[in-house]
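Listed here are the chains, written in short residue letters.
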Amino acid sequence: MKEQEVGGWGFRRPIINKYGVEWAWLCVTSGRESVEKDVCAGASMETDELIENMDKKTTWDRFYAESSSRTPTFKNFEWFFGFEAVQDFIMPLLQTKSHSDGCLKVVDIGCGTSALGPCIYRHCLLPVWVTCADISPIAVRLMQEHVQVKAIQPHNLSSQLEFVELDCMRLHKYYGSNSVDLIVDKGTTDALLRSKEGKGKAGLVLNQCLKVLRSSGTLLQFSDEDPDARLLWLETEAQEPGVMEADVGVQEVGELRGVCYYCYQVTPRLVVQQ
């Protein structure tokens, strides 16, 4: 996995110390922290406050408002890594999902201001409708303004790109059952699982994803959580006898700054009613 100049690798969070306010790249997993600091004035969110409340809308509204106020020009903020690091997991998968119902439907849940969704829209050979969904209206507005200025052109002229304010715990209210081909989760479930009150919410988001995915659809979770923990959680949360079942797999994405990242693939399984 090579590094890139796209708004950041890892989880970038504020640290306040005797030297002032700094931003740090943080990978918080199993008590391990990998930190690379660059001093940046103007931040005010406390580290513990952010970590404990990553499941809350107000946290991310404040985060994106403060982030955008510090720089005169827009810059994408990336959890863990950008599109280039994971395109080989996403793009070949989309090529296998062509169907006669028009555009493939792709949802980037908890998109923030990531360039992931726009890159899928830009590079996909097949017609695709990409929805970048986030609970923060500030993140959504920043991305809408950015693409208006940048005018991203799709590879396929039938493709569509939209940014939507959406609580992914209510995904099924926005999409009908069996309607989405691919859901991408880059760090969103990690944020929920690591927050103080977010574990139940993470399970609900997974349940909502499985409800809206087609039987041929796929959920991709990009995470730094060890497979021993994440696979067990996915296998437990994705099974509801007689209602919902799923196949779960994992591939290694690569290592960055001593932290290994994984791609967890969740595929709905048809439940046969007895």
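Residues numbered from 1 in each chain as written. Predicted model: local features only at pLDDT ≥ 70, side-chain atom pairs only at ≥ 80, totals over all residues. Heavy atoms only, no water.

**Things to note about the side chain of D61**
Structurally, D61 is set in helix α2 (residues 57–70). The class of D61 is buried, set by a relative accessible area of 13%. At 2.6 Å, the side chain of D61 and the side chain of K57 are in polar contact. Every residue in contact with D61, bar those within four places of it in the chain, is listed here: S136, P137 and I138. (Helix = DSSP H or I, 4+ residues; strand = E, 2+ residues; numbered from the N terminus. Buried < 20%, exposed > 50% of the residue type's maximum accessible area, 1.4 Å probe, protein only. Polar contact = N/O pair within 3.5 Å; in protein donor to acceptor, adjacent residues only side chain to side chain. Contact = heavy atoms within 4.5 Å.)

**Concerning the packing of aromatic side chains**
Under the definition given, this model contains 13 aromatic pairs. With a centroid separation of 5.2 Å and 75° between ring planes, the pair formed by W60 and F63 is classed as edge-to-face. Of this pair, W60 and F63 both sit in helix α2, three residues apart, roughly one helical turn. Grouping residues by exposure puts W60 and F63 together as buried. Both rings, one in F80 and one in Y261, keep their centres 5.2 Å apart while their planes meet at 50°; by these two values the pair is tilted. On the criterion of sequence distance, the pair formed by F80 in the loop between α2 and α3 (83–95) and Y261 in strand β10 (residues 259–269) is long-range, its members being 181 residues apart. Judged by relative accessible area, Y261 falls into the buried class, the value being 0%. Each residue in the set W60, F63, Y64, F77, W79, F80, F81, F89, F222 and Y261 is aromatic and connected to the rest through ring pairs, giving one cluster. The ring centre of Y264 lies 5.6 Å from the NZ or CZ of R230, which sits over that ring. (Phe/Tyr/Trp six-rings, centres within 6.5 Å; stacked < 30°, edge-to-face > 60°. Lys NZ or Arg CZ within 6 Å of the ring centre and 35° of its normal.)

**Describing empty space enclosed by the protein**
Counting across every chain of the model gives two cavities of 30 Å³ or more. By volume, the largest cavity is sized at about 70 Å³. Forming the walls of the largest cavity are Y64, F77, W79, D108, I109, G110, C111, G112, T113, S114, K186 and T188. Of the residues that constitute the lining of the largest cavity, the class distribution is five nonpolar, five polar and two charged. (1 Å grid on protein atoms, 1.4 Å probe; cavity = no way out; pocket = protein on both sides within 12 Å on 5 of 7 lines; lining within 4 Å. Points joined across faces, edges and corners; volume = space filled by probe spheres on them. Nonpolar A, V, L, I, M, F, W, Y, C, P; charged D, E, K, R; others polar.)

**What about the environment of D101?**
Position of D101 among the secondary structure elements: in the loop between α3 and β4 (104–109). In this structure D101 comes out as exposed when scored by relative accessible area, which is 51%. As for D101 and S179, which are separated by 78 residues in sequence, their C-alpha atoms are 10.0 Å apart.

**Quick notes on the confidence of the model for the protein chain**
For any part of a model where pLDDT is low, the fine detail of the predicted coordinates should not be relied upon. Predicted confidence across the protein chain gives a mean pLDDT of 82, with 82% of residues reaching 70 or more. The model gives residues 2–44 a pLDDT under 50, and that stretch makes 126 contacts with residues more than four places away or in other chains. (pLDDT = per-residue confidence, 0-100.)

**Some thoughts on the environment of G117**
Turning to its location among the elements, G117 is positioned in helix α4 (residues 116–123). Through-space distance from the C-alpha of G117 to that of V184 is 8.8 Å; in sequence the pair is 67 residues apart. Once residues lying within four places of it in the same chain are set aside, the contact partners of G117 are D108, V130, C132 and L161.

**Concerning the packing of α3 against α4**
Between α3 and α4, the least distance of the axes is 11 Å, while the angle of their chain directions is 50°. In terms of their interaxial angle, α3 and α4 are classed as oblique. At the point where α3 passes α4, the crossing takes the right-handed sense. In this structure, α3 uses F83, V86, I90, M91 and L94 to contact α4, whose residues at the interface are L116, C119, I120 and H123. Among the residues forming the contact of α3 with α4, the class breakdown is eight nonpolar, one polar and no charged. (Axes fitted to C-alpha atoms, helices over the stretch in contact; angles between N-to-C directions. Parallel < 35°, antiparallel > 145°, perpendicular 65-115°, else oblique. Left-handed = near helix turned anticlockwise from the far one by under 90°.)

**Some remarks on the environment of V253**
Relative to the helices and strands, V253 resides in strand β9 (residues 245–256). Sequence separation between V253 and D224 is 29 residues; the distance between their C-alpha atoms is 9.5 Å.

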